[in-house]
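Below are the chains, spelled out letter by letter.
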Amino acid sequence: MKLHAYNDVLTGLSNRRLFVESLEDRVARCRRYGDNCAVLFLDVDKLKAINDEHGHAAGDALLVRLAEILKSHTRTTDVVARIGGDEFGLLLDNLNGDQVADKIDFLLQQLAKENITHEGKKLPLGASIGYCFVGPKDTTDSLMSRADAAMYRAKGKPEYGPE
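Residues numbered from 1 in each chain as written. Predicted model: local features only at pLDDT ≥ 70, side-chain atom pairs only at ≥ 80, totals over all residues. Heavy atoms only, no water.

Trainee: An account of the overall build of the chain is needed here, citing residue identities and associated values.
Mentor: When you go through the chain residue by residue, the secondary structure sums to five helices and seven strands. Along the chain direction, N to C, the helices and strands of the chain fall in the order β-α-β-α-α-β-β-α-β-β-β-α. Taking 2.2 N^0.38 as the reference for a compact globule, 163 residues should give roughly 15 Å; the C-alpha atoms of the chain span a radius of gyration of 16 Å, in line with that estimate. Taken along the three principal axes of its C-alpha coordinates, the chain extends 50 × 40 × 25 Å. (Helix = DSSP H or I, 4+ residues; strand = E, 2+ residues; numbered from the N terminus. Rg over C-alpha atoms; globule rule 2.2 N^0.38 Å.)

Right, dumping it as structure tokens:
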């Protein structure tokens, strides 16, 4: 199978297909062994405005740098994927709610510290992150819906939290 079947061409991260398959595996493992897994959805702030004002090459540069930051600040056992245009998903195993909140705070701080420039113009890098935990009756679809809803709640206010 081609590498592109499971990887995002722009960022080199896993793609939606691999994210969903990995989530299915984690749901099964959580049911069988009682493990836990946090499902995080991240949405890039103001990417459309950046694309409109500076061009898609600037937006692409921002997405690539975001992917690098996410990969460099997660464990090798975690899944980090680009699941849509400006949406990313993360699967973090065996962390409690406080640890997930700390990880989100840390990632947001790392993004805020970035000084990305494209053609001499500084580009802001920010994101909104929401999460939920795998529950005993969850399906892949319900988890993705809950994490997406949590992310949209995070976009509306500075707090975030599980559904």
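Trainee: Tell me what's going on with helix 2 (residues 47–54), and back it up with residues and numbers.
Mentor: If you check which residues of helix 2 are buried, you get Leu 47, Ile 50 and Asn 51. Angularly, the buried residues of helix 2 cover 100° about the axis, an arc narrow enough to put them on a single face. Exposed residues on helix 2 whose side chains face more than 90 degrees from its buried face are Lys 48, Asp 52 and Glu 53. Among the residues trailing helix 2, Gly 55 stands out with phi positive, at a value near 100°. (Buried < 20%, exposed > 50% of the residue type's maximum accessible area, 1.4 Å probe, protein only. Arc of directions from axis to C-beta.)

Trainee: Any details on unusual backbone geometry? Residues and values, ideally.
Mentor: The phi torsion at Lys 46 lies on the positive side, around 60°, for a residue other than glycine. Position of Lys 46 among the secondary structure elements: in the loop between strand 2 (37–44) and helix 2. Lys 46 sits in the exposed class, given a relative accessible area of 63%. A positive phi is found at Glu 119, a non-glycine position, where the angle reads about 50°. Within the secondary structure, Glu 119 sits in the loop between strand 5 (116–118) and strand 6 (121–123). Owing to a relative accessible area of 71%, Glu 119 belongs among the exposed residues under this scheme.

Trainee: How would you sum up the pairing of strand 4 (residues 87–93)? Please name residues and give values.
Mentor: Strand 4 sits mainly inside the fold: seven of its seven residues count as buried. The alternating pattern of strand 4 places Glu 87, Gly 89, Leu 91 and Asp 93 on one face and Phe 88, Leu 90 and Leu 92 on the opposite face, and all of these are buried. Sheet topology places strand 2 next to strand 4; seven bridges connect them, and they run antiparallel. In the strand pairing of strand 4, Val 39 is matched with Leu 91. Relative to strand 4, strand 3 (residues 79–82) runs antiparallel, the two sharing four bridges. Within the sheet, the bridge partner assigned to Ala 81 lies in strand 4 and is Gly 89. (Pairing = 2+ DSSP bridges.)

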